[in-house]
Protein chains: 4
Amino acid sequence: MTRKPTKAALPPATRASAKGPEPARSEEAPATNRATRAAERRAAIVEAAMEEFIARGFAATRLDDIARRAGVAKGTIYLHFKDKESMFEELVRIVIVPVVARLTTLPPPAGSVRDLIEAFASNFLNEVIGTRRGDLVRLIVAEGPRFPSVADFYYREVVSRGIAAMRALIELGIARGEIRQKDLARYPQILVAPAMIAVIWQSLFARHAPLDAQEMLRVHLDLIFGERSTT
Amino acid sequence: MTRKPTKAALPPATRASAKGPEPARSEEAPATNRATRAAERRAAIVEAAMEEFIARGFAATRLDDIARRAGVAKGTIYLHFKDKESMFEELVRIVIVPVVARLTTLPPPAGSVRDLIEAFASNFLNEVIGTRRGDLVRLIVAEGPRFPSVADFYYREVVSRGIAAMRALIELGIARGEIRQKDLARYPQILVAPAMIAVIWQSLFARHAPLDAQEMLRVHLDLIFGERSTT
Amino acid sequence: MTRKPTKAALPPATRASAKGPEPARSEEAPATNRATRAAERRAAIVEAAMEEFIARGFAATRLDDIARRAGVAKGTIYLHFKDKESMFEELVRIVIVPVVARLTTLPPPAGSVRDLIEAFASNFLNEVIGTRRGDLVRLIVAEGPRFPSVADFYYREVVSRGIAAMRALIELGIARGEIRQKDLARYPQILVAPAMIAVIWQSLFARHAPLDAQEMLRVHLDLIFGERSTT
Amino acid sequence: MTRKPTKAALPPATRASAKGPEPARSEEAPATNRATRAAERRAAIVEAAMEEFIARGFAATRLDDIARRAGVAKGTIYLHFKDKESMFEELVRIVIVPVVARLTTLPPPAGSVRDLIEAFASNFLNEVIGTRRGDLVRLIVAEGPRFPSVADFYYREVVSRGIAAMRALIELGIARGEIRQKDLARYPQILVAPAMIAVIWQSLFARHAPLDAQEMLRVHLDLIFGERSTT
DNA sequence: GATGAATGAGTCTTCATTCAT
DNA sequence: TATGAATGAAGACTCATTCAT
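- By the naming in an unreviewed UniProt entry, chain A is Helix-turn-helix transcriptional regulator, taken from Bradyrhizobium diversitatis.

Set out below in structure tokens:
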């Protein structure tokens, strides 16, 4: 048996690690109207599916488990999603869209470029690295080749925008004299690389060698902007 | 069905599709004695399995496909591996060990630290980024959480050693005055991050936005060592 | 999946596909009082169910489709019928009873026996062969073995009566000297056989080889009554 | 529950009513080589599937039941047939082809046309009416509209040939003066109609009113050829 | 050793039926 | 009465693993 051991290796999941505002499990709030109930259920399914897909990957995830975790019957899933595959694809969209929305709103044009980027980094540290959102990034890396539409979506919505935003910042930094190396603007990936590595590191190796992502990012920024006199 | 679309996206494999009477053995030498034959078969299985696992991930890979691609019968796989799961785990070891062996041999004590690292990078560019070996890295990222033993092994054999080696180089660079930022030695991950990002980028986004990995790595080294006067 | 191809072959029904806010009631009069409304709904369900059962057979018909076609909610069906099975059984009764009623009324004591039978045949041609009613016959042939009660009912109400009526006519024909072969009265089935074959032929083979049922029946009657001098 | 009652209505099938030369169940003959075993299994599956499809119709038949009846595991069916649907389609071909083969061989040009047709009829009586083969005809009538390919095949292989053969015989009969009514050659269906009705009658109404098919066919032939002086 | 037919547990998906609104 | 969201039992199909040849 192949899948069983795989399951055994992953204890019934971390469960109650509700990410959204509320677990939206049933039995709790009676809720009032039907639409609300339906929305809650849908949210519960999304939440549960995310958890399971992250824990086991697409192919090894069982809809049965998602249903159980969401506290709904198996058939209910099919009231919200066409099938497992499109559930996965929609899921990524559902989870990513609000993140993108927030990010595109954020940038308050304050202080120096370094301050701006540090704000970004700090945000990233709190909201992505080591969180469910970080795991989602790893999930996309894992399943991307088998779900081109997911990779496409992620590139379009997140990567290309992120790269563009970083490039703009870098160019600003160069213009203001904060960044010396002009070529950096051609490869904004360099700016983000350590952050991405931190995300992956936390998923895979945190157990063996915990990584102080915050400090690493600071060192990286020092590399780009020069070390700060004031720490 | 879970795999159908995935299969559609991945045409029935690029290799052997022998279906007729002839087993289509591994194309190499005819070989004479039994031990050799067995070793060849095993090698063919390893090769085929790697290919399939990389293309579809662990759960979605069918032993049937591996067998067909390797030109052996399904049962034969079980003469070499206990089951699918341990096959996967052994596989990673089998493929990684020679790579590590080569890397630990490599370091030719030549010129400057930057030259050394550039040699490394160049090697990495040719042998990893955009190759099967690069895909293996993505595979480990993908399956790591479900195969702790694989993640462990990879950390122990590759990551920790790589980090240690990089740290040694960085310290050497600092000692020789080639690298100004002392803190870098605490986070050798920063040195490797762009290379890893390049690996992942090629798997996922090459189609949308091809990345000139070589040039990116050069820019990154300029950042660390300062821009070269000559170039 | 069992039904997919079947569905593909049968475009989502020719009728109502109302999905929007409006229930798309039965198109007839708006009706005022409740009893009337209920009766109308029931009629719509019966009509829709018949259509679907004929198109797909009992097992492959979905209550969902019936409801949609009838323009009612799925639950409404259960206000009128106990379950799918008894719905099917009642349906056949509901549809057949008025037909039988009409037939037993028909026989206008006109001219010769041949004229009488020709009147019958002509009626059958117009009202059964190639119509919904003809498909019902095929449906009963198809589902009879799985619905003994339906077969029983059909035998009792239609077949045995029809046979008896035909026998009476044949005997009359023999008595009057119109029919020479006396044994025919023992097998009135022979008289009806071509008509039944025509019904089935239209369902199955009309596409390959259209059949002029009217002319065939005429030839058949000529066989029994002798060819007419005038025609 | 819809399918359960349907099942209940049909007691676990008549089972041991093996039609072919031998039941080909397992456990009996040890068989020698693999190919033979496989062929036996395939035959058992075909036999079992026919039985079940006839008893319940396509949609209501469960592969589980077919497997159980054939004495094989569910998966084994898929070694021989792509899916339920193509199993059904192939089945009809598999069962019909040898029948057609035999029929096209049969006709020994002996005696009078009536004798020839009586030989046919007698054959039909023994080999079709009231047998598995007869049920198959009913099955095709039942499922034809949902399986155009089956109806097509049946028309091409059986119906059109049968009609052509009957027409030839009728024309011969007319030429020899055995058949008076010339128009009959235009509708050979009339010649076959009572036989078909007998087939259907036996499936549906035998319980209520057994039909002496042999005698009925004789009467029908008397109608066409004139009553025999000797009998 | 090598084979590949056979197995049957496991998974996705459907749909008749129920019931709170 | 009418609704339709929710349920979960049932059924088609897959595939890792075994074992007789």
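There's more to say after this.
1. Observations regarding the interface of chain A and chain B
Then comes step 1: Across the boundary between the two partners, chain A contributes 58 residues, which contact 57 residues of chain B.
Then comes step 2: Carbon and sulfur atoms make up 68% of the surface buried where chain A meets chain B, a total of about 5,100 Å² over both sides.
Then comes step 3: Taken as a group, R146(A), Q181(A) and L223(A) account for 14% of the area that chain A buries against chain B, more than any other trio of residues on that side.
Then comes step 4: There are six salt bridges connecting chain A and chain B.
Then comes step 5: Between D183(B) and R218(A) there is a salt bridge whose closest N-O contact spans 3.3 Å.
Then comes step 6: On the surface where chain A and chain B come into contact, there are 15 residue pairs in polar contact (both at pLDDT 80 or more).
Then comes step 7: Taken together, the elements giving at least two residues each to the side of chain A that touches chain B come down to α1 (3-9), α2 (34-56), α5 (84-105), α7 (132-143), α8 (148-175), α9 (188-204) and α10 (213-225) of chain A.

2. Considering the UniProt feature "domain: HTH tetR-type" (unreviewed entry) in chain A
Then comes step 1: On the UniProt side, "domain: HTH tetR-type" (unreviewed entry) is annotated at positions that read residues 39-99 of chain A here.
Then comes step 2: Between the C-alpha atoms that bound residues 39-99 of chain A there is a distance of 20 Å. The span itself is 80% helix and 0% strand.

3. Details of the relation of the copies chain A and chain B
Superposition of the two copies of the chain requires a rotation about an axis together with a shift along that axis.
Then comes step 1: Aligned on chain B, chain A shows an RMSD of 0.2 Å; the corresponding rotation is 179° and the shift along the axis is 0.1 Å. Taken together, these values place the two copies in the relation of a two-fold axis. The rotation axis passes nearest to the C-alpha of A142(A) in chain A, at a distance of 2.1 Å.
Then comes step 2: Looking at chain A, 97% of its interface residues are interface residues in chain B too, so the copies touch through the same face.

4. Description of the UniProt feature "DNA-binding region" (unreviewed entry) in chain A
Then comes step 1: As recorded in UniProt, the feature "DNA-binding region" (unreviewed entry) lies at residues 62-81 of chain A.
Then comes step 2: Regarding residues 62-81 of chain A, the helix share stands at 75% and the strand share at 0%, and the terminal C-alpha atoms are separated by 15 Å.

5. Focus: the nonpolar core
Then comes step 1: Within the largest apolar cluster, 138 residues are counted, with the highest numbers of intra-cluster contacts made by M87(C) and M87(D).
Then comes step 2: Excluding residues within four positions of it along the chain, M87(C) makes contact with I45(C), A49(C), F53(C), L63(C), I66(C), I77(C) and F81(C).
Then comes step 3: Membership of the second largest hydrophobic core comes to 136 residues, among which are Y154(A), I174(A), L63(B) and V100(B).

6. As for helix α2 (residues 34-56) of chain B
Residues and elements named next belong to chain B.
Then comes step 1: Under the 1.5 Å per step criterion, the end-to-end length of α2 is 32 Å for 23 residues, consistent within 8% with the ideal 33 Å.
Then comes step 2: For α2, the set of buried residues is E40, A44, I45, V46, A48, A49, M50, E51, E52, F53, I54 and R56.
Then comes step 3: One or two steps after α2, the chain reaches G57, where phi turns positive at roughly 85°.

7. Things to note about the relation of the copies chain C and chain D
Then comes step 1: For the pair chain C and chain D, the relating rotation is 179°, the translation along its axis is 0.1 Å, and the fit reaches an RMSD of 0.3 Å.
Then comes step 2: Most of the interface of chain C is mirrored in chain D: 98% of its interface residues are interface residues there too.

8. Concerning the packing of helix α9 (residues 188-204) of chain C against helix α10 (residues 213-225) of chain C
Geometrically, a packed helix pair is captured by the angle between its two axes and the distance between the axes.
Residues and elements named next belong to chain C.
Then comes step 1: Contact geometry of α9 with α10 gives a least axis separation of 10 Å together with a crossing angle of 165°. Considered as vectors, α9 and α10 are oriented roughly antiparallel to each other. Crossing of α9 over α10 shows right-handed handedness. The segment α9 lies against α10, with I190, L191, P194, A195, A198 and Q202 engaging A213, M216, L217, H220, L221 and I224.
Then comes step 2: Partitioned by chemical class, the residues of the contact of α9 with α10 number ten nonpolar, two polar and no charged.

9. Points about the environment of L221(D)
Residues and elements named next belong to chain D.
Then comes step 1: Summarising the element assignment, L221 is placed in helix α10 (residues 213-225).
Then comes step 2: Judged by its relative accessible area of 5%, L221 falls in the buried class.
Then comes step 3: C-alpha separation for the pair L221 and R114, spaced 107 residues apart in sequence, amounts to 7.7 Å.

10. Some remarks on the packing of α2(B) against helix α5 (residues 84-105) of chain B
All names here are of chain B.
Then comes step 1: Look at α2 against α5: their axes get within 10 Å of each other, and the N-to-C directions meet at 100°. By the criterion of interaxial angle, the relationship of α2 to α5 is roughly perpendicular. Packed against α2, whose contacting residues are R42, I45, V46, A49, M50 and F53, the element α5 presents K84, M87, F88, E90, L91, V92, I94 and V95 at the interface.
Then comes step 2: Looking at the contact of α2 with α5 residue by residue, the class counts come to eleven nonpolar, no polar and three charged.

11. A closer look at the pattern of salt bridges
Side-chain pairing between opposite charges can occur once the charged atoms of the two side chains come close.
Then comes step 1: Using the criterion set out here, one finds 90 salt bridges over all chains in the structure.
Then comes step 2: One salt bridge in this structure joins E215(A) and R218(A), with 2.7 Å as the shortest N-O distance. One end of the pair is E215(A) and the other is R218(A), both in helix α10 and three residues apart, which spans about a single turn.
Then comes step 3: Residues participating in the shared-partner salt-bridge network are R114(A), E118(A), E215(A), R218(A), D222(A), D183(B) and R186(B).

12. Some details on the packing of aromatic side chains
Then comes step 1: If you walk through the whole model with that rule in mind, you get 32 aromatic pairs over all chains.
Then comes step 2: Geometrically, the ring pair formed by F58(A) and F147(A) is edge-to-face, given 4.7 Å between the ring centres and 70° between the ring planes. Taken together, the positions of F58(A) in the loop between α2 and α3 (63-70) and F147(A) in the loop between α7 and α8 put the pair 89 residues apart, joining distant regions of the chain. Of the two residues, F58(A) and F147(A), both sit in the buried class.
Then comes step 3: For the pair W201(A) and Y155(B), a centre-to-centre distance of 6.1 Å together with 85° between the ring planes defines the contact as edge-to-face. In this pair, W201(A) is assigned in helix α9 and Y155(B) in helix α8 (residues 148-175), connecting two distinct chains.

13. Here we look at the confidence of the model for chain A
Note that predicted coordinates carrying low pLDDT should not be read in detail.
Residues and elements named next belong to chain A.
Then comes step 1: Residue-level pLDDT values for chain A average 84, and 83% of them are 70 or greater.
Then comes step 2: Within chain A, no element has a lower average pLDDT than α1, which sits at 38, and none a higher one than α3, at 97.
Then comes step 3: Under a pLDDT of 50 for its full length, residues 1-31 has, in the predicted model, 37 contacts with residues more than four places off or in other chains.

What counts and what doesn't
Residues numbered from 1 in each chain as written. Chains lettered and ligands numbered in written order. Predicted model: local features only at pLDDT ≥ 70, side-chain atom pairs only at ≥ 80, totals over all residues. Heavy atoms only, no water. Contact = heavy atoms within 4.5 Å. Buried area = accessible area lost by both parts, 1.4 Å probe. Salt bridge = Lys/Arg side-chain N within 4 Å of Asp/Glu carboxyl O. Polar contact = N/O pair within 3.5 Å; in protein donor to acceptor, adjacent residues only side chain to side chain. Helix = DSSP H or I, 4+ residues; strand = E, 2+ residues; numbered from the N terminus. UniProt positions renumbered as here; feature names shortened; annotations may be inferred. Least-squares fit on C-alpha atoms with pLDDT ≥ 70 in both. Core = buried A, V, L, I, M, F, W, Y, C linked by side-chain atoms within 4.5 Å. Buried < 20%, exposed > 50% of the residue type's maximum accessible area, 1.4 Å probe, protein only. Expected span 1.5 Å × (residues − 1). Axes fitted to C-alpha atoms, helices over the stretch in contact; angles between N-to-C directions. Parallel < 35°, antiparallel > 145°, perpendicular 65-115°, else oblique. Left-handed = near helix turned anticlockwise from the far one by under 90°. Nonpolar A, V, L, I, M, F, W, Y, C, P; charged D, E, K, R; others polar. Phe/Tyr/Trp six-rings, centres within 6.5 Å; stacked < 30°, edge-to-face > 60°. pLDDT = per-residue confidence, 0-100.

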